[in-house]
Amino acid sequence: MMEEREAEKERDKVVVLDFGGQYSHLIVRRCRELGVYAELLPYDVPLEELKRGIERAQGGGKIRGIILSGSPFSVHEPDSPHCNAEIVALNVPLLGICYGAQLVAHLLGGVVRTGEKGEYWRAELFFKDSELFKGLGERANGSTQVWMSHGDLIEGLEGAEILAHTAGSPIAAFRVRDMIYGVQFHPEVHHTEQGEKIFRNFLYAICGCERNWTPESFVREQVEEIRSAVGSNGRVICGLSGGIDSSTTALLVNKAIGDRLTCIFVDNGLLRKGEQEEVLDTFEDQFHLKVVFVDAKERFLTGLRGVTDAEAKRKVIGELFIEIFEEEAKKLGDVEFLAQGTIYPDRIESARASSRKSSRIKSHHNVGALPEKLGLKLIEPIKELYKDEVRAVARELGMPSQILNRHPYPGPGLAARIIGAVTEDKLRICREASQIVEDELRKSGWYDNVWQAFAMVGDDVATGVLGDARTEGRIVTIRVVESKEAMTADFVKLPYAVLESMSKRITNEVKGVTWVTYAISSKPPSTIEPC
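Basis of the calculations
- Residues numbered from 1 in each chain as written.
- Predicted model: local features only at pLDDT ≥ 70, side-chain atom pairs only at ≥ 80, totals over all residues.
- Heavy atoms only, no water.
- Phe/Tyr/Trp six-rings, centres within 6.5 Å; stacked < 30°, edge-to-face > 60°.
- Helix = DSSP H or I, 4+ residues; strand = E, 2+ residues; numbered from the N terminus.
- Buried < 20%, exposed > 50% of the residue type's maximum accessible area, 1.4 Å probe, protein only.
- Lys NZ or Arg CZ within 6 Å of the ring centre and 35° of its normal.
- Expected span 1.5 Å × (residues − 1).
- Contact = heavy atoms within 4.5 Å.
- Core = buried A, V, L, I, M, F, W, Y, C linked by side-chain atoms within 4.5 Å.

Asks: I keep staring at the packing of aromatic side chains and nothing clicks. Help me out?
Replies: Inspection of the entire model under this criterion finds nine aromatic pairs. Both rings, one in Phe19 and one in Tyr99, keep their centres 5.6 Å apart while their planes meet at 50°; by these two values the pair is tilted. With Phe19 in the loop between β1 (13–18) and α2 (24–33) and Tyr99 in helix α4 (residues 99–107), this residue pair connects regions lying 80 residues apart in the sequence. Like Tyr99, Phe19 is buried. Ring centres of Trp213 and Phe218 lie 5.7 Å apart, and the angle between their planes is 75°; on these two criteria the pair is classed as edge-to-face. Just as Trp213 is buried, Phe218 falls in that class too. Cluster of aromatic residues (ring-pair linked, three or more members): Phe19, Tyr43 and Tyr99. Above the plane of the ring of Trp451 lies Arg391, whose end atom (NZ or CZ) is 5.1 Å from the centre. Of note, Arg442 hangs over the ring of Tyr447, and the distance from its end group to the ring centre comes to 4.0 Å.

Asks: It is not clear to me how helix α6 (residues 215–230) should be interpreted in this structure. Could you clarify?
Replies: At 3.6 residues per turn, the α-helix brings residues three or four places apart onto the same side. For α6, spanning 16 residues, the distance from its first C-alpha to its last is 22 Å, which sits close to the expected 22 Å at 1.5 Å a residue. Among the residues making up α6, those that are buried are Ser217, Phe218, Val219, Glu221, Gln222, Val223, Ile226 and Val230.

Asks: Help me understand the environment of Ala453 in this model?
Replies: By the secondary structure assignment, Ala453 is in strand β17 (residues 452–466). According to the relative accessible area criterion, Ala453 is buried, its value standing at 2%. Sequence spacing of Ala453 and Arg479 is 26 residues, and the spatial spacing of their C-alpha atoms is 5.6 Å. Ignoring any residue separated from it by four or fewer positions in sequence, one finds Ala453 in contact with His407, Val437, Glu438, Leu441, Arg479 and Val480.

Asks: What is the right way to read the nonpolar core from this model?
Replies: Soluble globular proteins: nonpolar side chains tend toward being buried together. Core analysis: the biggest nonpolar cluster contains 48 residues, and Val266 and Ile506 have the highest contact counts within it. When contributions to this core are tallied by element, the ones reaching two or more residues are β13 (261–267), α9 (297–304), α10 (310–332), α14 (424–444), β17, β18 (469–482) and α15 (496–509). The biggest single contributor to this core is α10, with eight residues. The residues touching Ile506, leaving out its near neighbours within four places in the chain, are Ala433, Ile436, Val437, Val476, Ile478, Val513 and Val516.

Printed below as a string of structure tokens:
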């Protein structure tokens, strides 16, 4: 039994080298969705580290394959990210995607040049039968739709077998020495019709991977790791917000160490309607966790007074959270560890993902504002998970449906949905309007079919008419999006009848609102939350 647990702890994997591409995280997700553990590493990871992983023979942790991601750069640019050139000589299957394929071709002495025109849309891929494209078509030479996003192209690669082409790419896929593959398109995005099959072929037929990534195995692994890190006497505090991330973290830590965990639930005045009562009922009464309740509404609102910049608001909230955790930990006595519900998109958007070429989108209260001298050791058991993976783990832990199925909620709470300074009046409007949005989605059967839905409010006012009299009130904007992992999102095309019901209720029931609008921007270029 111990050997099985150790093998799970150091499971075999595929590593994805991140060259700063917008889809790097999707490659990891596709592998995990197929049951193979994948890990994102920086493009300049030392070659010796990769060699050790490839050569590992016992105890698990062996690298079965390497995937090179896309990138916004050209391989010929002076500052473009390049990995160690000897990567093409490693004894492990290698798959280059888009820029990754161009880089592999470049390292092998091929010709990569700027095309006369780029391919930035769907393209028809004509492929020949091979291990990579096995099962994609009944004919030996078939075709399929793929997603292209590149300006450079591979023009020549001596010694390579050309596996596919498009109208704009003479070498859209290639193979060298039976272990090195490159594809000019992006199989990781859903626009590529048979991308999942291509990944399945690479992972199972070419790399020889085994299925080793499930919510059940993840829970067992993390429980072991938490117990090992905390020891037999260590005590942990966990910042519990009631959202899926912190709630899953609390249940994982509780499963590992029991009542040596104390959850700290802070009412910062930025919570959803009824959230305080629901959190205390769920975790104190249902799960019997130790929960310390801290009423800090006034403290947070004072700290946020007059702060209008979105990033500055996040910093204020993050610093106050940490201060409170430290204070409460001192009251509890000998506490060494702080557990946080940091997830992978948090780290990506805070530019703590693997590549130094990645751009910071925004800081998160449990990432960007964390001071170096916290005084507590950090436990982040779900830091490598995407949101849908967190939900799968939460389901495995027995999370009640009212939390499991609840829409994601930002760490800064309603402050992330208030444009400009946070005031009690804007909080009231945002809280009440958001509740109406959720109510109407539930009534119409849409709630479980969307990723996230809420109302936001800023400082803009518009003229309205109430009781035959002219009045002025705030503009409330409704935001409803669909997504799988929160890294990309599309606005939901709700029926007009549902939007009309939301608008009528908000303008009638929420004092001080005259206009209601609907946000129709997708991510990218926008983010899901406005701040």
